[in-house]
Amino acid sequence: QVRLVESGGGLVQAGGSLRLSCAASGRTFSSYAMGWFRQAPGKEREFVAAISRSGGSTYYADSVKGRFTISRDNAENTVYLQMNSLKPEDTAVYYCAATLKPAAQAMGNPRHDFDSWGQGTQVTVSS
């Protein structure tokens, strides 16, 4: 089992940037594909971005493509989400997630296939 702890959320104006971090502990971090999800009030949790075990492949939701960048540092057991050009509609609780499945396979049903979750960090974008 892997334990995930997110940090870096906060309040930012529209057009601004934030970088989220997710520190992992427990099993070997490099065994896991990693992802970021978000959940806005009254909405279902949605996929944001994912990265393969090596970091060589990344995947993004259309709504964040070109603005967000996912990366990982396997030596530091950390995955990041750099968020630029933030919009009010990006406001949500952001969750880090992990899966032992290959990232490409998990993209078939990410909400189901990512099965280890952090506690979330709030991101609020003001207009």
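Draft legend 1. Looking closely at the nonpolar core. Core analysis: the biggest nonpolar cluster contains 35 residues, and Met34, Trp36, Val79, Leu81, Met83 and Tyr94 have the highest contact counts within it. Put simply, the parts of the chain that give this core at least two residues each are strand E1 (2-7), strand E3 (18-26), strand E4 (33-39), strand E5 (46-51), strand E7 (68-73), strand E8 (78-83), strand E9 (92-99) and strand E11 (121-126). Once you skip the residues sitting within four places of it in the chain, Leu81 turns out to touch Leu18, Arg19, Leu20, Trp36, Val48, Ala49, Phe68, Thr69, Ile70 and Tyr94.

Draft legend 2. Fine view of the sheet that holds E3. Pairing within the open sheet is antiparallel, and its 4 strands lie in the order E1-E3-E8-E7. The strands lining the two open edges of the sheet, one partner per strand, are E1 and E7. Across the sheet, the mean angle from the axis of one strand to that of its neighbour is 20°, orientation sign disregarded. In this sheet, E8 lies alongside E7 in antiparallel orientation, the contact comprising 6 bridges. Looking across to E8, one finds that Thr69 is bridged to Gln82.

Draft legend 3. Region of the structure containing unusual backbone geometry. Of note, Asn77 is a non-glycine position whose phi angle comes to about 55°, a positive value. Within the fold, Asn77 resides in the loop between E7 and E8. The exposure class of Asn77 is partly exposed, given its relative accessible area of 29%. The phi torsion at Ser85 lies on the positive side, around 50°, for a residue other than glycine. Among the residues examined, Ser85 registers a relative accessible area of 41% and is labelled partly exposed.

Draft legend 4. Quick look at the environment of Gly120. Of note, Gly120 is situated in the loop between strand E10 (116-117) and E11. Taking the C-alpha atoms as reference points, Gly120 and Phe47, separated by 73 residues in sequence, lie 14 Å from one another.

Conventions used here
Residues numbered from 1 in each chain as written. Predicted model: local features only at pLDDT ≥ 70, side-chain atom pairs only at ≥ 80, totals over all residues. Heavy atoms only, no water. Core = buried A, V, L, I, M, F, W, Y, C linked by side-chain atoms within 4.5 Å. Buried < 20%, exposed > 50% of the residue type's maximum accessible area, 1.4 Å probe, protein only. Helix = DSSP H or I, 4+ residues; strand = E, 2+ residues; numbered from the N terminus. Contact = heavy atoms within 4.5 Å. Pairing = 2+ DSSP bridges. Axes fitted to C-alpha atoms, helices over the stretch in contact; angles between N-to-C directions.

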